[in-house]
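Observations on the model geometry
What follows is the residue order along each chain.
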Amino acid sequence: MDLTTEEGCEASFGPQESFIHLGSDSFVANRPWKMTKDQILNEIKRCQDMLKTCEGDCLSLKANTRANEQDLVKFQEEYELLNQNLLEAENEAQAQEASFQKILQSEKKDSNQLKQEKQALENELKCLEQLHATQEEILKVPAALPDREMVFKGHVEEGKMENFPEMLSFLPQIRYPILGGSALITFEDPEVARRIIQIKQHCIQLDELSYMHVKAEAVTLLLPSLLKQISLKQSSQQVLLSGLSAFSLSKDQLHDKLVLFFSKRKNQGGEVDHLEQLPNSDNVVLTFIDDGVAERIVEKGLFQVLLGKETHQVKASHCLHGEIADLQLHPSVCPRTVLLTEIPDVLEREMMCEALEIHFQKQSKGGGEVEAAVYVPAGHYGVAVFEEED
């Protein structure tokens, strides 16, 4: 290929060209192209400028590419971080949901348990109210002497007491009902009982976290104050045998020997119908079939009876039957005993009794030395026996 650069010469390209020339907008119309030297120089300069522009664009593109690659890496890292955060958030949400469901189930269980406890307490309260109402009805009933057998243990002397009416002294034995959820505490010092009753409401600690509240009340008993009329009748067929305490024999053996002894004619006896052991006493009553036997035995009075390997003295007395026609009663407060009510059924009988004793022995709680304590759980009942102190 030859290129002529002189002014006015034409540039010619042979048929062996190995590249394609891209024409510019300044000359594209006619072929073959004819360019002057200035045109060629301008075209070269223009191409150089274009080349520089392309190189700048290329550098800019490379820079943009590197920036985009860096942004891509950054975006990928942020994406991975966001994806990790999303997974952690989902896991946390699932854990919170599981925890919420567990709490919800626990609250439902606690709610059902509380409902059951509430129902149980309501039932217990209803039972206590019924028992309280029953107790109030009992207390409202006019005092009357119950039908029961009484054994006279006094001393009888023959003769008359001038200017004095006949007198009968006796020691009362009062049976006091104890309703369920109650307890009786007897103190050695009456002042302690008075103080406990005055405080009235007591908070008793069962363990480190448990407490219960009980109510202290006075124990009021109806005691006989005046016996106006009593009718006595002497039995013609019965004999009262006394002096029968402190034997090594059993009750059945003792009774058999007594029946055998007083059945013999040589001992002033006769055929025995039956023998009766008097309640709350060591004395017995022999009932004979024939009249007159009891009179003979009482007339002799003292008998030496072989009981086991030893001979003991047995006294025979008239057997009297009587009826109390008019007995006046008066309310009396036990000086040393306190009634505790509204005790919840939360401990076994022995443990509750021990907890009550420990609490009421503390001087810081107003208590003192406890002589005796008895507790009756809810749903049960008991009977306390009060006797006059010596």
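Once that is clear, we can look at the environment of Q253. Mapped onto the elements of the fold, Q253 is located in helix α3 (residues 251–262). Here Q253 falls in the partly exposed class, since its relative accessible area comes to 42%. Between the C-alpha atoms of Q253 and G308, which are 55 residues apart in sequence, the distance is 8.9 Å.

Right, let's talk about the state of the cysteines for a bit. Applying the stated criterion across every chain yields a total of zero disulfides. There is no disulfide at C54, and the cysteine sulfur nearest it, in C58, is 8.9 Å away. Taking relative accessible area as the criterion, C54 reaches 46% and is therefore assigned partly exposed.

Turning next to helix α4 (residues 293–300). All of the buried residues in α4 are V293, A294, I297 and V298. Mapping the buried residues of α4 onto a view down its axis gives an arc of 125°, with all of them on the same face. Looking at the residues trailing α4, positive phi occurs at G301, about 85°.

To continue, consider the pattern of salt bridges. As enumerated under the stated definition, the model contains five salt bridges in all. One salt bridge in this structure joins E191 and R194, with 2.2 Å as the shortest N-O distance. Of this pair, E191 and R194 are both found in helix α2 (residues 190–199), three residues apart, which corresponds to roughly one turn of the helix. With relative accessibility at 35%, the residue E191 sits in the partly exposed group. Residue class for R194 comes out partly exposed when judged on its relative accessible area of 42%. A salt bridge links R336 to E371; the nearest nitrogen and oxygen atoms lie 3.0 Å apart. Here R336, found in strand β8 (residues 310–341), pairs with E371, found in strand β9 (residues 370–376); they are 35 residues apart in sequence, far enough to count as distant.

To continue, consider the nonpolar core. Judged by nonpolar contacts, the single largest core of 20 residues is most densely connected at V239, L241, F262, F288 and I297. For this core, the secondary structure elements donating two or more residues are β4 (211–242), α3, β6 (284–288), α4, β7 (302–307) and β8. Among all residues touching L241, those that are not within four sequence positions of it are L258, F262, N283, V284, L286, V314, K315 and A316. Counting residues in hydrophobic clusters, the runner-up holds 19 residues, among them A183, I185, F187 and Y375.

With that settled, consider the packing of aromatic side chains. Overall, the coordinates contain five aromatic pairs when judged by the stated rule. Relative to F262, the ring of F261 has its centre 5.0 Å away and its plane inclined at 80°; by these criteria the two rings are edge-to-face. Given the relative accessible area of 0%, F262 is considered buried. Summarising the aromatic geometry, the rings of F261 and F303 are spaced 6.2 Å apart at their centres and angled 85° between planes, so their arrangement reads as edge-to-face. With F261 in helix α3 and F303 in strand β7, the pair connects residues that are 42 residues apart, well separated along the chain. A single burial state applies to F261 and to F303, both of which are buried.

Here is what the cut-offs are and how they apply
Residues numbered from 1 in each chain as written. Predicted model: local features only at pLDDT ≥ 70, side-chain atom pairs only at ≥ 80, totals over all residues. Heavy atoms only, no water. Helix = DSSP H or I, 4+ residues; strand = E, 2+ residues; numbered from the N terminus. Buried < 20%, exposed > 50% of the residue type's maximum accessible area, 1.4 Å probe, protein only. Disulfide = S-S within 2.5 Å. Arc of directions from axis to C-beta. Salt bridge = Lys/Arg side-chain N within 4 Å of Asp/Glu carboxyl O. Core = buried A, V, L, I, M, F, W, Y, C linked by side-chain atoms within 4.5 Å. Contact = heavy atoms within 4.5 Å. Phe/Tyr/Trp six-rings, centres within 6.5 Å; stacked < 30°, edge-to-face > 60°.

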